[in-house]
Amino acid sequence: MKIGIFGGAAVEQGLAAVRRAAATAETEGFAAFWLPQIFGLDALAALTLVGAETPRIELGTAVVPTYPRHPITLAAQALTVQAASGDRLTLGIGLSHQFVIEEMFGYSFEKPARHMDEYLKALIPLLNGQPADIDGETLKVHASIAVPEAAAPSLLIAALGPIMLRLAGEQCDGTITWMTGPKTVESFTVPAISAAATSAGRPAPRVAVGLPICVTDDTPGARSRAAEIFSVYGFLPSYRAMLDREGAEGPADVAIVGNEAEVAAQIGRLADAGVTDFAAAEFGGTADEVRRTRDTLRSLL
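A quick note: this is a predicted structure, and the numbers were derived from the prediction, not measured.

Draft legend 1. Highlighting the overall build of the protein chain. A tally of regular secondary structure across the protein chain gives 12 helices and 12 strands. Scaling as 2.2 N^0.38, a compact globule of 301 residues should have a C-alpha radius of gyration of about 19 Å, and the protein chain matches this with 18 Å. When the backbone C-alpha atoms are referred to their principal axes, the protein chain occupies close to 55 × 40 × 40 Å. For the protein chain, the proportion of contacts with a sequence separation of at least 24, taken over those separated by at least 6, is 72%. Summed over all atoms, the accessible surface of the protein chain reaches about 12,600 Å², with 54% contributed by carbon and sulfur.

Here is the structure:
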């Protein structure tokens, strides 16, 4: 299992912090550096810069919402990151959430799974230098693009439910999840996406899992802090469904928390469950916790 760093905290501090965090992650030997696309820095623009400055580390988005970006636009942006980085991008995309798409962007969130299916049918050819030609219910695309010296990136979708996992297995390289615990990954996520990939004659899919992580001697305190920091994810319907499937009261219950040995064991359980990539969202509350968390992750590389 590859271990990477989720750079969400760096995004909140600005572009210079993202550049430093990515360079440090590469120097320390991590396999990947992941950025979210929320309401701040543009993840793909930031990774274009990072890709030109780093020679090795995989660069991932976790995730870019589809609705606000036409497939032609997203393909051009992703291939630009590829050109800047020497083809090191993993493009993670997702639907976002109904209230975000409808209330903030003013778009319809009707038929989200149909939207994703049609979006993939347009995006995948464009990423591979082929014309997209689709007249769907939610999307119409008739175009092609060309970005010299850029190959199609690995494509993951944020697939939590059964329909999205089927689309991920049938059309993409895998999935990237958030707030999905090890029991759910093992009993539901991995079997569902693997079956879809097998049925479609595709290779075994990547299963990337992002979770909060803190190495500490104060487990109750760290979980209390996680409950506060990540509280919103306990209310968003898609994540709430995964927490319910896990039997978790809230995000704090799926956070990876404990001393060095306990955290290593929890990460090992993810690998045993079939996870191929772990995106560590560090949330140490003290300098000691920050150091111990990073040192523990490095020891597992």
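Draft legend 2. Structural context of the layout of surface pockets. A volume near 190 Å³ is recorded for the second largest pocket. Tyr67, Tyr107, Ser108, His115 and Thr138 are, among the 14 residues lining the second largest pocket, the residues nearest its centre. Taken together, the residues of the lining of the second largest pocket break down into 5 nonpolar, 5 polar and 4 charged.

Draft legend 3. Here's a closer look at helix H2 (residues 15-27). The first and last C-alpha atoms of H2 sit 18 Å apart over 13 residues, in line with the 18 Å expected at 1.5 Å per residue. Buried within H2 are the following residues: Ala17, Val18, Ala22, Ala25 and Glu26. Down the axis of H2, the buried set is contained in an arc of 165°. They therefore lie on one face. Turned more than 90 degrees from where H2 packs its buried face, Arg20 and Thr27 sit exposed.

Draft legend 4. A look at the packing of helix H7 (residues 162-171) against helix H8 (residues 182-199). One way to put it is that H7 packs onto H8 with a least axis distance of 7 Å and a crossing angle of 45°. As far as their axial angle goes, H8 and H7 are oblique. H8 is crossed by H7, and the crossing has right-handed handedness. Seen from H7, the contacting residues are Pro162, Leu165, Arg166, Ala168, Gly169 and Glu170; seen from H8, they are Phe188, Thr189, Ala192, Ile193, Ala196 and Ala197. Tallied by class, the residues present in the contact of H7 with H8 amount to 8 nonpolar, 2 polar and 2 charged.

Draft legend 5. Layout of the side chain of threonine 177. Here threonine 177 is to be found in strand E9 (residues 174-178). Threonine 177 sits in the buried class, given a relative accessible area of 4%. When near neighbours in sequence (up to four residues on either side) are disregarded, threonine 177 contacts Ala159, Leu160, Thr189, Ala208, Val209 and Gly210.

Draft legend 6. Fine view of the packing of helix H4 (residues 71-85) against helix H6 (residues 112-127). Closest axis-to-axis distance for the H4/H6 pair is 9 Å, and the angle between their directions is 40°. The way H4 lies across H6 gives a crossing that is right-handed. Contacts from Pro71, Ile72, Leu74, Ala75, Ala78 and Leu79 in H4 reach Tyr119, Ala122, Leu123, Leu126 and Leu127 in H6. Of the residues that constitute the contact of H4 with H6, the class distribution is 11 nonpolar, no polar and no charged.

Draft legend 7. A look at the pairing of strand E12 (residues 277-282). Of all 6 residues that make up E12, 5 are buried, and the element is covered over most of its length. Sheet topology note: the strand E1 (residues 2-6)/E12 ladder contains 4 bridges and is parallel. The partner of lysine 2 across the bridge, within E12, is aspartate 277. Pairing between strand E10 (residues 206-215) and E12: 6 bridges, direction parallel. Directly across from isoleucine 213, in E12, lies its bridge partner glutamate 282.

Draft legend 8. Seen up close, the nonpolar core. By size, the foremost hydrophobic cluster in this structure holds 98 residues, and its most contacted members are Leu91, Ile93, Ile157 and Phe278. When near neighbours in sequence (up to four residues on either side) are disregarded, isoleucine 93 contacts Val63, Val64, Thr66, Leu74, Met116, Tyr119, Leu120, Leu123, Leu155, Leu156, Ile157 and Ala158.

Draft legend 9. Looking closely at the packing of aromatic side chains. In this structure the tally under the stated criterion is 7 aromatic pairs. A centroid spacing of 6.1 Å and a plane angle of 70° characterise the contact between tryptophan 178 and phenylalanine 230, whose relative ring orientation is edge-to-face. A residue pair is termed long-range when its members are at least 10 positions apart, and tryptophan 178 in strand E9 and phenylalanine 230 in the loop between helix H9 (219-229) and helix H10 (237-246) qualify at 52 residues. The buried category is assigned to phenylalanine 230, whose relative accessible area is 10%. Seen in terms of ring centroids, tyrosine 233 and tyrosine 239 are 5.4 Å apart; in terms of plane orientation they differ by 80°. Their pairing is edge-to-face. Taking the relative accessible area as the measure of exposure, tyrosine 239 reaches 15% and is therefore buried. Members of the aromatic cluster, connected to one another through ring pairs, are Phe6, Trp178, Phe230, Tyr233, Tyr239 and Phe283.

Cut-offs applied
Residues numbered from 1 in each chain as written. Predicted model: local features only at pLDDT ≥ 70, side-chain atom pairs only at ≥ 80, totals over all residues. Heavy atoms only, no water. Helix = DSSP H or I, 4+ residues; strand = E, 2+ residues; numbered from the N terminus. Rg over C-alpha atoms; globule rule 2.2 N^0.38 Å. Contact = heavy atoms within 4.5 Å. Areas by Shrake-Rupley, 256 points an atom, 1.4 Å probe, with all protein chains shown as cover. 1 Å grid on protein atoms, 1.4 Å probe; cavity = no way out; pocket = protein on both sides within 12 Å on 5 of 7 lines; lining within 4 Å. Points joined across faces, edges and corners; volume = space filled by probe spheres on them. Nonpolar A, V, L, I, M, F, W, Y, C, P; charged D, E, K, R; others polar. Expected span 1.5 Å × (residues − 1). Buried < 20%, exposed > 50% of the residue type's maximum accessible area, 1.4 Å probe, protein only. Arc of directions from axis to C-beta. Axes fitted to C-alpha atoms, helices over the stretch in contact; angles between N-to-C directions. Parallel < 35°, antiparallel > 145°, perpendicular 65-115°, else oblique. Left-handed = near helix turned anticlockwise from the far one by under 90°. Pairing = 2+ DSSP bridges. Core = buried A, V, L, I, M, F, W, Y, C linked by side-chain atoms within 4.5 Å. Phe/Tyr/Trp six-rings, centres within 6.5 Å; stacked < 30°, edge-to-face > 60°.

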